[in-house]
Amino acid sequence: MTTATAEALNSAAGDEQVIATAARERLRRRKLLVLSSQIGVAVLVLGAWQLGTLTGAVDPFFFGSPLGIVQRLGDWFVNGTAYGSFWEQIWITLEESLLGFAFGVGSGVLLGVLLGEVPFLADVFSPYIKIVNALPRIVLGSIFVMWLGLGLPSKVLLAAVLVFFVVFFNAFQGVRSVDRNLVANARILGASRLQVVQHVVFPSAMTWIIASLHVALGFSIIGAIVGEFLGAQNGLGLVIATAQNTFDANGVFGAMLVIGLLALGAEALMSILERRLLAWRPKSTSENNTAGI
Amino acid sequence: MTISNTTGMGGVEMTNVTKRFVTPTGAAMTAIRDVNLTVEPGQFCAIVGPTGCGKSTTLTLAAGLERPSAGTVEVSGKPVDGITKGASFVFQSDALLPWKPVEANVALGPMFRGMPRREALTQARNWLKVVGLSGFENHYPHQLSGGMRKRVSLAAALINEPTMLLMDEPFSALDVQTRAIMSNELLTLWEKSRPSVMFVTHDLEEAIALADKVVVITAGPGTVKAVFDVDLPRPRGAVQEIRFTPRFLELYQQIWESLKEEVESAYQRQVTTNLNRGAAA
């Protein structure tokens, strides 16, 4: 009797182990398949592109070629550009984006929380904010270049303005959607208005604010590059503009690639920051679902 | 008991209190009208009534979160202006900050009152021990079960050593067994410091098992319909068992008789409004 039970238990445990191993193996194989398919797609597209330019089906003058892009980038990294080393151009664009991001996020959070907390101010300013928000803000770049010249400040300002609105609206909404019970409870426990903001309102709005930071980061890079397009002495935007003027398709694509990599790197850092700041949240299943996309 | 005057600490005195709200559409809505209610210091008062009768409104008035439209609310002999001193609130949803660990949540009260962080956390850990949650100090609220979160809420409310405890259907989101356990726990904790309690609930059994006094509120706009003294001896012991004593059943029948009409009329009204709404749509 007892041996029979023990056997049954043993076989049950064995079954579970077999199933777990099989599941792990399936998962591993699937990951491998996805990865190799991803590489396959890249090879296929780039190969077709290169082949097209070699056979003359694609005009390399307009569309460049993968090898041409690599050569162009190599030349830039080794010999530098007309306005200094390529690393310097990357650094300047990065600096403009990050400064713009910092100023934009800072002012957006500050004003968002302030207007969210003081309904009177929100009512007074909301039409003006809507008007400014409705403007295509990129055109502000022209004014900023006129005001602040070709240097760094005009790009920082443009990036900051683009970032500001994204963060502001999220911070505002976040403050407005704070759980009223939490606020009431804090007040009864003896919190002053400032303490309520510090301990309840701001952390609660933080989830909204952080959600906006991904988009804001993209906007800060756009702001810096567009600013450089409109008038600059340095930066990746200027590199692209120059390449465009000399009909250097490889140059445009090459600079684009670098910008893309920069954005990806910044995005990865942002994800780490987000995980740190939102560590208190329960693991949601939606995150797992979107991880593959 | 030695306590009999309503001017002592934690006593509540509501006189002809009416509260109206203005809805977002601009219509005025009367939540409660002409409420006269006395809770003596150290008394456990349960408030029962049908859905939407303004039970919760009486609590927010006592807490000082809202002002009455007419009448006076006095707590500890002083008219309420601003947040009531010495009050703690336990909400139906546990009002815990999800981004703070349990001990930091409990420490909020003392910290808001100016106690240094380290000292407040030590006190919080002591209170967590009292409610039986040692070892969970660094967990986040979402990592705890509903009953455990309720314990944290209780600790967070009691750490301020309130003279008046306001509870708005605190256990209604819990399952029946957990609710019974929490009720016992509440009674034990209450016996230690004896704040006055205003306990809003739907559940008449819960009300009788816990309270010294049960106040029945009419269907909205609510007003006090009847007040019943519960003369079951204290300490009460397990709430699950006191339900079977003859005196409990007698009281239950008496109060239910009074409450039944209100529940029925509130339900009738709900049905009619829904019908009208359906017809309008």
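Worth saying up front: this structure is predicted, and the values here are computed from it rather than measured.

*Asks:* I would appreciate a short explanation of the overall build of chain A in the present structure.
*Replies:* Each helix and strand in chain A was counted, giving 12 helices and zero strands. Counting helices and strands in the order they occur from the N terminus, chain A gives α-α-α-α-α-α-α-α-α-α-α-α. For 293 residues, the compact-globule estimate of 2.2 N^0.38 gives 19 Å, and the C-alpha radius of gyration of chain A, at 26 Å, exceeds that figure by more than 25%. Along the first, second and third principal axes, the C-alpha set of chain A runs to 90 × 65 × 30 Å. Counting across all 293 residues of chain A, residues that qualify as buried make up 32%. Across chain A, contacts joining residues at least 24 apart in sequence account for 75% of those joining residues at least 6 apart.

*Asks:* Help me understand the packing of helix 4 (residues 86–117) of chain A against helix 7 (residues 152–176) of chain A, please; the structure alone is not making it clear to me.
*Replies:* Residue and element names in this part refer to chain A. For the pair helix 4 and helix 7, interaxial distance at closest approach is 6 Å and the crossing angle is 35 degrees. Considering the relative orientation of helix 4 and helix 7, their crossing is right-handed. Its residues assigned to classes, the contact of helix 4 with helix 7 shows 20 nonpolar, seven polar and four charged.

*Asks:* It is not clear to me how the confidence of the model for chain A should be interpreted in this structure. Could you clarify?
*Replies:* Should pLDDT be low for a region, the predicted coordinates there are not to be read in detail. Residues and elements named next belong to chain A. Mean pLDDT over chain A works out to 88, with 93% of the residues at or above the 70 mark. Ranking the elements of chain A by mean pLDDT puts helix 12 (residues 285–290) last, at 46, and helix 4 first, at 94. Here residues 285–293 is a poorly scored stretch, pLDDT under 50, and it has zero contacts once near neighbours within four places are set aside; other chains count.

*Asks:* Is there a simple way to explain the environment of Ala13 of chain A in this structure?
*Replies:* All names here are of chain A. Note that Ala13 resides in helix 1 (residues 2–55). You can call Ala13 exposed: it has 10 C-beta atoms within 10 Å. Sequence separation of Ala13 and Gly56 is 43 residues, and the distance between their C-alpha atoms is 64 Å.

*Asks:* Whenever I open this one, the environment of Leu140 of chain A confuses me. Can you help?
*Replies:* Residue and element names in this part refer to chain A. Along the chain, the position of Leu140 falls in helix 6 (residues 140–148). Taking the C-alpha atoms as reference, Leu140 lies 13 Å from Ile222; in sequence the two are 82 residues apart. If we skip the residues at most four places from it in the chain, Leu140 touches Leu158 and Val161.

*Asks:* Help me understand the sheet that holds strand 2 (residues 28–39) of chain B, please; the structure alone is not making it clear to me.
*Replies:* The strands that make up a sheet are held in pairs by hydrogen bonds between backbone atoms, and each pair lies either parallel or antiparallel. Residue and element names in this part refer to chain B. An order of 2-1-4-5 is seen for the four strands of this open sheet, with the pairing classed as antiparallel. Here the strands that pair on one side only, and so sit at the sheet edges, are strand 2 and strand 5 (78–79). Looking at chain direction, strand 1 (residues 12–22) and strand 4 (residues 70–75) are connected through five bridges and run antiparallel. Paired with Thr18 across the strands is Ala70, a residue of strand 4. Against the sheet, helix 1 (residues 55–63) contacts strand 1, strand 2 and strand 4, and its axis sits at roughly 65 degrees relative to strand 2.

*Asks:* Even after reading the chapter, I still don't get the sheet that holds strand 9 (residues 213–217) of chain B, so can you show me in this structure?
*Replies:* All names here are of chain B. What the six strands build is an open sheet, ordered 6-7-8-3-9-10; its pairing is mixed. The sheet terminates laterally at strand 6 (87–90) and strand 10 (224–229), the two strands that pair on one side only. Neighbour to neighbour, the strand axes of the sheet diverge by 15 degrees on average, direction disregarded. In this sheet, strand 10 lies alongside strand 9 in antiparallel orientation, the contact comprising five bridges.

*Asks:* Looking at this model, I keep getting lost on the pairing of strand 4 of chain B. Mind explaining?
*Replies:* The side chains of a regular strand alternate between the sheet's two faces. Residues and elements named next belong to chain B. Sheet topology places strand 4 next to strand 5; two bridges connect them, and they run antiparallel. Paired with Val75 across the two strands is Lys78, which belongs to strand 5. Hairpin geometry of strand 4 and strand 5 is characterised by an intervening segment of two residues between the two adjacent antiparallel strands and by a positive phi of about 50 degrees at Ser76.

*Asks:* Is there a simple way to think about the interface of chain A and chain B in this case?
*Replies:* Reports of interface size often rely on the accessible area that becomes lost once the parts have come together. Facing the 16 residues of chain A at the interface are 19 residues of chain B. Of all the secondary structure elements, the ones that give two or more residues to the side of chain A that touches chain B are helix 8 (180–188) and helix 9 (193–230) of chain A. When residues of the side of chain A that touches chain B are assigned to their parent elements, the largest contribution, seven residues, is made by helix 8 of chain A. Per-class residue counts for the side of chain A that touches chain B are 10 nonpolar, five polar and one charged.

Here is what the cut-offs are and how they apply
Residues numbered from 1 in each chain as written. Chains lettered and ligands numbered in written order. Predicted model: local features only at pLDDT ≥ 70, side-chain atom pairs only at ≥ 80, totals over all residues. Helix = DSSP H or I, 4+ residues; strand = E, 2+ residues; numbered from the N terminus. Rg over C-alpha atoms; globule rule 2.2 N^0.38 Å. Buried ≥ 20, exposed ≤ 12 C-beta atoms within 10 Å, placed from the backbone. Contact = placed C-beta atoms within 7 Å. Axes fitted to C-alpha atoms, helices over the stretch in contact; angles between N-to-C directions. Left-handed = near helix turned anticlockwise from the far one by under 90°. Nonpolar A, V, L, I, M, F, W, Y, C, P; charged D, E, K, R; others polar. pLDDT = per-residue confidence, 0-100. Pairing = 2+ DSSP bridges.

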